[in-house]
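# Observations on the three-dimensional arrangement
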Amino acid sequence: MHNAQPWKFSFRRGDSTFRLHSDLERAMPHADPTTRALHLGCAAALFNLRVAAAHAGWEPAVDLLPDPADPRLLAVVRLTDPAPSDNDLAPLYPAIHRRHTSRHPFTEEEIPQAIKDSLSAAALLEGARLSFPELWHVRTLLDLVHDAEGRDATDPAAADELEQWTRTTAEAGRDGVPEYAFGPRRRAGEAPVRDFAGRIPVPGREAATFENTPQLALLGTTGDRPRDWLVAGQAMERVLLQATLDGLATSLTSQALERPELRWTVRDPQSAMGYVHMVLRLGYGPAGPGTPRRPVNEVLDIG
């Protein structure tokens, strides 16, 4: 959430093993009290590590939550054998550098069914499900997002937490959402795009008309425990990388999922999906700018 980058990696040369820990100092206790979203973000970084390892010629063997006594240790990744030449991770590598969250309008062009099917298959490869809701359910999702936005607008704690991770052009940031990535303010349209400007005035910020019928997808799992969150986060990143290679722009919508009283309503009652972990907005449009990343020496220890 909010480009907080709540992860810490370590690498042991002796056994070619990475360890991924959560960084609870970068948690968001108001919007994410259970750390579910934190787990999703760390798992997305974990998936990128798997892709990079395969690209470098290694087969990454992953053990999730290996130590019950240390819940902050989310995963151990061992670089075991050389990756097979036909592995399905390495081709995703170019998308890691190209994928950015887009808070710009998308066109109304419909995504071909073949691409939707490939994205659903990508989620299944990671043990999660990706579904594309019917129009009636899209309307319900938009109503829930608007409800959550209205509640956040009158919640000082929510506003303060959002502002903590928002960066103006005068601030030198290695994390958070910078002003140049806010995107235009909404003049019209129904796309669920979080406005990071909040209470911050942004001189010269343009207004734009967003799509009236956004193309949304729900990512979920049958369970709702930390292991499920790690599965969902890896599936989310796999879907986002595949969507980028397929020429789609993407953004994430979690406002309604941040409130327990709204989250259950997000799921389609006719679906076998048990718990929704993310709502994805997909379409054709600007890819969005890159956002800051912390330097490697802050997120990786080598021993």
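What comes next is a walk through the structure. Everything numeric in this text was worked out from a predicted model, so none of it was measured.

### Description of the overall build of the protein chain
Within the protein chain, the regular secondary structure consists of eight helices and 13 strands. Against the compact-globule benchmark of 19 Å for 303 residues, the protein chain has a radius of gyration of 19 Å, which places it among compact chains. A principal-axis box enclosing the C-alpha atoms of the protein chain has dimensions of 55 × 45 × 35 Å. A separation of at least 24 residues holds for 74% of the contacts in the protein chain among residues at least 6 apart in sequence. In the form shown here, the protein chain has an accessible surface area of approximately 14000 Å², with 53% of it arising from carbon and sulfur atoms. Put simply, the protein chain has 33 plus and 41 minus side-chain charges, and the middle of one group is 2 Å from the middle of the other.

### Observations concerning the pairing of strand β4 (residues 73-82)
Across a regular strand the side chains alternate sides, sitting on one face of the sheet and then on the other. In this structure, strand β2 (residues 17-22) lies alongside β4, joined through five bridges in antiparallel fashion. Within β4, the residue paired with His21 across the bridge is Leu73. Where strand β3 (residues 58-64) lies against β4, six bridges are found, and the strand directions are antiparallel. If you follow Leu64 over to β4, its bridge partner there is Ala75.

### Some points on the environment of Gln234
When you line up the elements, Gln234 lands in helix α6 (residues 226-245). Take Gln234: its relative accessible area is 5%, and that puts it in the buried class. Along the backbone, Gln234 and Gly290 are 56 residues apart, and their C-alpha atoms lie at a distance of 20 Å. Residue contacts for Gln234: discarding those within four places in its chain leaves Ala43, Ala44, Leu46, Phe47, Arg50, Leu64 and Glu126. Here the side chain of Gln234 touches Arg50 through a polar contact of 2.8 Å, side chain to side chain.

### Let's talk about the sheet that holds strand β5 (residues 129-131)
Across the sheet, which stays open at both edges, the four strands sit in the order β5-β10-β12-β11 with antiparallel pairing between neighbours. Strand pairing shows two members of the sheet lacking a second neighbour, β5 and β11 (249-253), which therefore form its edges. Neighbour to neighbour, the strand axes of the sheet diverge by 30° on average, direction disregarded.

### Digging into the sheet that holds β4
Taken in spatial order, the five strands of this open sheet run β3-β4-β2-β1-β13, and their pairing is mixed. A strand with exactly one partner marks an edge of an open sheet, and here the two such strands are β3 and β13 (300-302). The sheet shows a mean angle of 20° between the axes of neighbouring strands, taken without regard to direction. Contacting β1 (7-12), β2, β3 and β4, helix α1 (residues 36-55) crosses the sheet at an angle of about 155° to β3.

### Some points on the packing of aromatic side chains
For the structure shown, the criterion picks out two aromatic pairs. Between Arg267 and the ring centre of Trp264, over which it is positioned, the NZ or CZ distance is 4.8 Å. Just above the ring of Phe106 sits the side chain of Arg281; from NZ or CZ to the centre is 3.6 Å.

### Points about the side chain of His137
For His137, the location among the structural elements is in helix α4 (residues 135-153). Leaving out residues up to four positions away in the same chain, His137 has contacts with Leu218, Thr265, Val266, Arg267 and Asp268.

### Re the packing of helix α3 (residues 113-125) against α6
The contact between α3 and α6 brings their axes to 8 Å, and the two run at 150°. With respect to each other, α3 and α6 are oriented roughly antiparallel. Crossing geometry of α3 relative to α6 is assigned as right-handed. Contacts between α3 and α6 involve Leu119, Ala122, Ala123 and Leu125 from the first element and Ala235, Arg238, Val239, Gln242 and Ala243 from the second.

Calculation notes
Residues numbered from 1 in each chain as written. Predicted model: local features only at pLDDT ≥ 70, side-chain atom pairs only at ≥ 80, totals over all residues. Heavy atoms only, no water. Helix = DSSP H or I, 4+ residues; strand = E, 2+ residues; numbered from the N terminus. Rg over C-alpha atoms; globule rule 2.2 N^0.38 Å. Contact = heavy atoms within 4.5 Å. Areas by Shrake-Rupley, 256 points an atom, 1.4 Å probe, with all protein chains shown as cover. Lys, Arg positive; Asp, Glu negative; His and termini not counted. Charge placed at Lys NZ, Arg CZ, Asp CG, Glu CD. Pairing = 2+ DSSP bridges. Buried < 20%, exposed > 50% of the residue type's maximum accessible area, 1.4 Å probe, protein only. Polar contact = N/O pair within 3.5 Å; in protein donor to acceptor, adjacent residues only side chain to side chain. Axes fitted to C-alpha atoms, helices over the stretch in contact; angles between N-to-C directions. Phe/Tyr/Trp six-rings, centres within 6.5 Å; stacked < 30°, edge-to-face > 60°. Lys NZ or Arg CZ within 6 Å of the ring centre and 35° of its normal. Parallel < 35°, antiparallel > 145°, perpendicular 65-115°, else oblique. Left-handed = near helix turned anticlockwise from the far one by under 90°.

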